[in-house]
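Structure assessment
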Amino acid sequence: MLIDLHTHTTASDGTDSPHLLIDKAISRRIDVLALTDHDTVGGWEEATAALKEHPSGSNMELVLGSEVSCQDEDGTSIHMLGLLFDPKYTPLIEEFEKTREHRVTRMSRIIARLNEAGIDITIDEVYAQKQGDATLGRPHLADALVAKGHVASRDEAFNIFLHNGSKYYINHYSPSPELAIQLIKEAGGVAVIAHPLASRSGRTIKSETLLKLINAGLDGIEVDHRDHSEQERSELLRLAIEHDLVVTGSSDYHGTGKLNQLAEFTTNPQHWERLEAKANARRVVKR
Ligand code: AMP
Ligand code: ZN
Ligand code: FE
Ligand code: FE
């Protein structure tokens, strides 16, 4: 069984459309795939239609979700995967809209800083890198910097200009992780913390914070992810076992935007079953 519970499309900062993602996941013989674009449910309809209309009659199961940008009191950025929630629950959708609006002002401010430093780039050039209503993010700015010849790749853009410690970096409004967990669960879904100890990418959550989120109702921990070292994985696994949390593994696929390949890490079927049973309704999409 191949179960991949974290992927992105052009509805946020991935490079494959939702339709193409479904086609690729079916070709790759994935059994359960979650669509988790940043702060949006924008890709859900297209992905659902692509699965329902797929000519192969595939049995793949589609898990609709979102990767919710959160920020802790100390400013740490935290990503919360919300899966299987009801998209008609407006308090959650309104929170997405608030974050998405602030991402736009924040982008203008980052661009202003780059311009001050003599790097020629405009907001229109950034917008040209994203599809319609996609959640705007630094990867679109990275793509614009590539298109303009300032850097060779998204990765180089992050390493030189866009990483969290950069002098050009500005954050945007995000809910607290506790609020995200609360809203995801009120919407009937399940909350899994994404890549909590990704020290490789400079994102490490303190253990007190993790304990606080477990008390706030966290359902699972993404343990198997390429940004975690072996040691980080065993540490998280121990914590998950101690607190009886679901353990997930996933690719965090972004198309050509990152090296991550579909199903490069996967979730154990028994853990997936446990996670799905925690949602308040059966919302998995099948053909
Ligand atoms: P933002 O949501 O605007 O703060 O941008 C963060 C997103 O950028 C993350 O969710 C990743 O998808 C992406 N990202 C971070 N580092 C890199 C990198 N080195 N190369 C490509 N994408 C990255
Ligand atoms: Zn992303
Ligand atoms: Fe993330
Ligand atoms: Fe992600």
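It should be noted that the structure appears before, not after, this text.
Scope of this entry: the structure provided in the associated data block. Keep in mind that this is a model prediction, so the values were computed, not measured.

So, about the overall build of the protein. The secondary structure content of the protein amounts to 10 helices and nine strands. The globule rule puts the C-alpha radius of gyration for 287 residues at 19 Å, and the 18 Å found for the protein is close to it. Its C-alpha atoms give the protein principal-axis dimensions of about 55 × 50 × 40 Å. Taking all 287 residues of the protein together, 54% fall into the buried category.

Relative to the elements of secondary structure, His163 occurs in the loop between α6 (154–162) and α7 (177–186). Remark: the alpha-carbon pair of His163 and His79, spanning 84 residues in sequence, is separated by 16 Å.

If you check the shell around ligand 1, you find 13 residues, and the closest are Arg103, Arg106, Arg138, Asp155 and His254. At a separation of 2.7 Å, an oxygen atom of ligand 1 approaches a polar backbone atom of Arg138. One of the side-chain nitrogen or oxygen atoms of Asp155 is found 2.8 Å away from a nitrogen atom of ligand 1. For ligand 1, whose unbound accessible area comes to 500 Å², protein coverage reaches 86%.

A few words now on the coordination of the iron ion (ligand 4). Coordination sphere of the iron ion (ligand 4), protein contribution only: His6 (NE2), His8 (NE2), Glu67 (OE) and Asp252 (OD), at 2.1 to 2.2 Å. The coordination sphere of the iron ion (ligand 4) comprises four donor atoms, whose angles at the metal cover 75 to 160°; the geometry is irregular. Each donor residue of the iron ion (ligand 4) lies on one chain, and together they are spaced H-x1-H-x58-E-x184-D. Taken as a pair, the iron ion (ligand 4) and the zinc ion (ligand 2) show a spacing of 4.5 Å. Of this pair, His8 sits in the loop between β1 (3–4) and α1 (18–27) while Glu67 is found in strand β3 (residues 61–71), placing the two residues 59 residues apart along the sequence. We classify His8 as buried; its relative accessible area is 0%.

Looking now at the coordination of the zinc ion (ligand 2). Note on the zinc ion (ligand 2): its protein donors are Asp13 (OD), Asp13 (OD), His38 (NE2) and His254 (NE2). The metal-donor distances range over 2.0 to 2.6 Å. When the donor residues of the zinc ion (ligand 2) are listed from N- to C-terminus, their spacing reads D-x24-H-x215-H. Between the zinc ion (ligand 2) and the iron ion (ligand 3) the interatomic distance comes to 5.7 Å. With a gap of 241 residues between them, Asp13 in the loop between β1 and α1 and His254 in the loop between β9 (246–249) and α10 (269–277) connect regions that are remote in the sequence.

All told, the structure shown has 18 salt bridges when counted by the stated rule. Across the salt bridge formed by Glu61 and Lys286, the nearest N and O atoms sit 3.6 Å from each other. A residue pair is termed long-range when its members are at least 10 positions apart, and Glu61 in strand β3 and Lys286 in the segment after α10 qualify at 225 residues. With a relative accessible area of 46%, Lys286 lands in the partly exposed category. The salt bridge involving Asp120 is made with Lys148; its shortest N-O contact spans 3.0 Å. You can see Asp120 sitting in the loop between α3 (90–116) and α4 (123–127) and its partner Lys148 sitting in the loop between α5 (138–147) and α6, a full 28 residues away along the chain. Residue classification places Lys148 among the partly exposed residues on the basis of a relative accessible area of 33%. Through salt bridges with shared partners, a single ionic network connects Asp72, Glu73, Glu178 and Lys212.

Where α1 meets helix α2 (residues 44–52), the closest approach of the two axes is 8 Å, and the angle between their N-to-C directions is 40°. As far as their axial angle goes, α2 and α1 are oblique. Note that α1 runs across α2; the crossing there is right-handed. Residues Pro18, His19, Ile22 and Ile26 of α1 form the contact with α2, whose participating residues are Glu46, Ala47, Ala50 and Leu51. Residue composition of the contact of α1 with α2, grouped by class: six nonpolar, one polar and one charged.

Rules behind the numbers
Residues numbered from 1 in each chain as written. Chains lettered and ligands numbered in written order. Predicted model: local features only at pLDDT ≥ 70, side-chain atom pairs only at ≥ 80, totals over all residues. Heavy atoms only, no water. Helix = DSSP H or I, 4+ residues; strand = E, 2+ residues; numbered from the N terminus. Rg over C-alpha atoms; globule rule 2.2 N^0.38 Å. Buried < 20%, exposed > 50% of the residue type's maximum accessible area, 1.4 Å probe, protein only. Near = heavy atom within 4 Å. Polar contact = N/O pair within 3.5 Å; in protein donor to acceptor, adjacent residues only side chain to side chain. Areas by Shrake-Rupley, 256 points an atom, 1.4 Å probe, with all protein chains shown as cover. Donors = N, O, S within 2.8 Å, 3.2 Å for Na, K, Ca; no water. Tetrahedral: all angles 85-135°; square planar, octahedral: opposite > 155°, others 65-115°. Salt bridge = Lys/Arg side-chain N within 4 Å of Asp/Glu carboxyl O. Axes fitted to C-alpha atoms, helices over the stretch in contact; angles between N-to-C directions. Parallel < 35°, antiparallel > 145°, perpendicular 65-115°, else oblique. Left-handed = near helix turned anticlockwise from the far one by under 90°. Contact = heavy atoms within 4.5 Å. Nonpolar A, V, L, I, M, F, W, Y, C, P; charged D, E, K, R; others polar.

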